[in-house]
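What follows is the residue order along each chain.
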Amino acid sequence: MLNRFLAIRAQLERFPASVLQLALRIGIAAMFFRSGLLKINSWEFTVLLFRNEYQVPLIDPVLAAQLATALELALPVLLVIGLGTRLATLPLLGMVAVIQLFVFPNAWSDHLMWGAILLFLLTRGPGTFSIDYLIDRKAGRSG
C-alpha cells in the first residue's frame with residue numbers, strides 16, 4: 001500500500017510546474033483585469049467608491065482610482081504573456097496589501113490567495129510558457 005502511494009506521488013511530482021505557473025498567471029491576471037474593466041466601465045461610480053468607501057490614505061481618491069485602474073488593465077497583460085512577470089507582481093502585491101489594510105480587511109482569505117499566487121510567481125518566475133523564459137534562454141541564462 002505504501003509503495004503504491006509513493007508511486008502515485010512520484011507520478012504527480014512529474015507534472016510540469018510551467019503548466020501550473022501559466023494557469024496561475026492567467027487566473028490572477030483575469031481577476032485583476034476584470035476589476036479594471038469594471039472600474040473603467042463605471043468611472044463615475046469608481047471615483048465615488050474611492051472617495052467615499054475605500055478611503056485610501058495619503059492619496060487623492062481620483063488619482064488612486066486612476067492608478068488602480070491603469071495597473072489593473074496593464075499588468076495582467078504582462079502576466080498572461082509572461083513579460084516582466086516578476087516585476088509586474090510587485091505593484092499587484094502592493095495593491096493587495098492596500099486593499100487588505102484599508103479597504104476590505106475582512107476579505108483576508110481572498111487576499112491571502114491572491115498574495116500567495118503573486119508571491120509564487122515573484123519567487124519562482126513565470127515558467128517556460130513565457131516571453132521571460134525565451135529572453136532568458138536567448139541571453140544564455142537558465143530559468
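Report follows, based on the coordinates. Note that the coordinates shown come from a computational prediction; the quantities given were computed from them, not determined experimentally. (Residues numbered from 1 in each chain as written. Predicted model: local features only at pLDDT ≥ 70, side-chain atom pairs only at ≥ 80, totals over all residues. Heavy atoms only, no water.)

1. Comments concerning helix 4 (residues 61–81)
Stage number 1. The terminal C-alpha atoms of helix 4, which comprises 21 residues, lie 31 Å apart, in line with the 30 Å expected from a rise of 1.5 Å per residue.
Stage number 2. Where helix 4 is concerned, the buried positions are Ala64, Ala65, Ala68, Thr69, Glu72, Leu75, Pro76 and Leu79.
Stage number 3. Among the structural elements, helix 2 (17–41), helix 3 (43–54) and helix 5 (85–103) are those in contact with the buried residues of helix 4.
Stage number 4. The N-capping residue of helix 4, defined by a side-chain oxygen 3.1 Å from the backbone nitrogen of valine 62, is aspartate 60. (Helix = DSSP H or I, 4+ residues; strand = E, 2+ residues; numbered from the N terminus. Expected span 1.5 Å × (residues − 1). Buried < 20%, exposed > 50% of the residue type's maximum accessible area, 1.4 Å probe, protein only. Contact = heavy atoms within 4.5 Å. Polar contact = N/O pair within 3.5 Å; in protein donor to acceptor, adjacent residues only side chain to side chain.)

2. Some details on unusual backbone geometry
Glycine aside, negative phi is the norm for most residues, and most peptide bonds take the trans geometry.
Stage number 1. In this model, glutamine 55 sits at a positive phi of 50°, which is unusual for a non-glycine residue.
Stage number 2. Tracing the backbone shows glutamine 55 in the loop between helix 3 and helix 4.
Stage number 3. Phi at leucine 58 is positive, roughly 70°, even though this residue is not glycine.
Stage number 4. With respect to the secondary-structure elements, leucine 58 resides in the loop between helix 3 and helix 4.
Stage number 5. Using a relative accessible area of 93% as the deciding quantity, one classes leucine 58 as exposed.

That's the geometry; what it means functionally is another story.
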